[in-house]
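Given next are the chains, with one letter for each unit.
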Amino acid sequence: MTTLKPAKGLLLVAEPSIIGDISFNRSVVLLAEYNTNGFVGFILNKPLEYRLRDFVPEVNSKLPVYNGGPVEQDNLYFIHCIPEIIPDSIEISNGIYWGGDFNAIIDLLKEDKLKKDQIRFFLGYSGWESQQLEQELQVNSWVVAPNNYNNSIIGKTNINFWKEKMIEFGGDYVLWSNAPENPSYN
């Protein structure tokens with residue numbers, strides 16, 4: 001497997017060795033930002049039991065909300081692939097955008113013009129201070145992988161995404177793809 005350095009638009013796939021980490025066990029994270037302060041990303045495969053209407057009562061949207069990570073879980077974040085109708089968006093990479101005018105989103109939701117393969121909402125985000133992610137990579141907590149899905153990753157709602165990545169990586173990772181979440185249950 002190729003060793004990639006973390007960068008905006010790439011995926012972080014939790015190594016099977018992160019057993020017991022409540023936030024990141026079996027996570028696939030999209031890296032959304034990198035600067036001198038560190039990295040920001042969003043966990044893609046941890047849907048919550050909430051819908052957007054639970055947080056934004058003025059819209060009757062059944063769009064799911066995902067656990068984006070352990071930082072600022074009282075804030076709602078979003079990624080999307082429609083910057084032409086959501087002003088002030090910031091491109092992450094490959095047609096994936098972060099943020100933008102939330103009032104425009106409210107209007108689009110009220111008009112039922114947003115679909116789940118165009119936008120994804122998160123409570124919280126994942127963050128690493130400068131050098132923290134590099135240290136976690138050195139102790140094999142993560143595998144950096146390309147995002148071969150480009151902006152279609154927004155609609156990828158499969159909770160088995162981590163398992164799919166393990167199978168894709170091949171080798172010893174295939175064994176982990178069918179292991180119970182907690183190996184002591186085996």
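Rules used throughout
Residues numbered from 1 in each chain as written. Predicted model: local features only at pLDDT ≥ 70, side-chain atom pairs only at ≥ 80, totals over all residues. Heavy atoms only, no water. Patch = residues over 30% accessible without salt bridge, like charges linked within 9 Å, V, L, I, M, F, W, Y side chains within 5 Å. Areas by Shrake-Rupley, 256 points an atom, 1.4 Å probe, with all protein chains shown as cover. Salt bridge = Lys/Arg side-chain N within 4 Å of Asp/Glu carboxyl O. Lys, Arg positive; Asp, Glu negative; His and termini not counted. Charge placed at Lys NZ, Arg CZ, Asp CG, Glu CD. Helix = DSSP H or I, 4+ residues; strand = E, 2+ residues; numbered from the N terminus. Buried < 20%, exposed > 50% of the residue type's maximum accessible area, 1.4 Å probe, protein only. Pairing = 2+ DSSP bridges.

Caption draft 1: Region of interest: a positive patch on the surface. Judged by side-chain charge, Arg 51, Arg 53, Lys 62 and Lys 116 come together as a positively charged surface patch. Along the chain, Arg 51 turns up in strand β4 (residues 47–51).

Caption draft 2: Fine view of the pairing of strand β9 (residues 119–129). When you tally the buried positions in β9, you get 9 out of 11 residues, the bulk of the element. Pairing geometry for strand β3 (residues 38–43) and β9, over 4 bridges, is antiparallel. When the sheet's bridge partners are listed, Phe 39 is paired in β9 with Trp 128. Where strand β5 (residues 64–67) lies against β9, 3 bridges are found, and the strand directions are parallel. Considered in β9, the bridge of Tyr 66 is made with Phe 122. Bridge count for strand β6 (residues 71–80) against β9 is 6 bridges, and the pairing is antiparallel. Looking at β9, one finds that Ile 79 is bridged to Arg 120.

Caption draft 3: The pairing of β5, seen in detail. Neither face of β5 is exposed, since Pro 64 and Tyr 66 on one face and Val 65 and Asn 67 on the opposite face are all buried. Bridge analysis of β4 against β5 gives 2 bridges, and the strand direction is antiparallel. Counted as the bridge partner of Arg 51 is Pro 64 from β5.

All quantities given are derived from atomic positions and should not be read as evidence of function.
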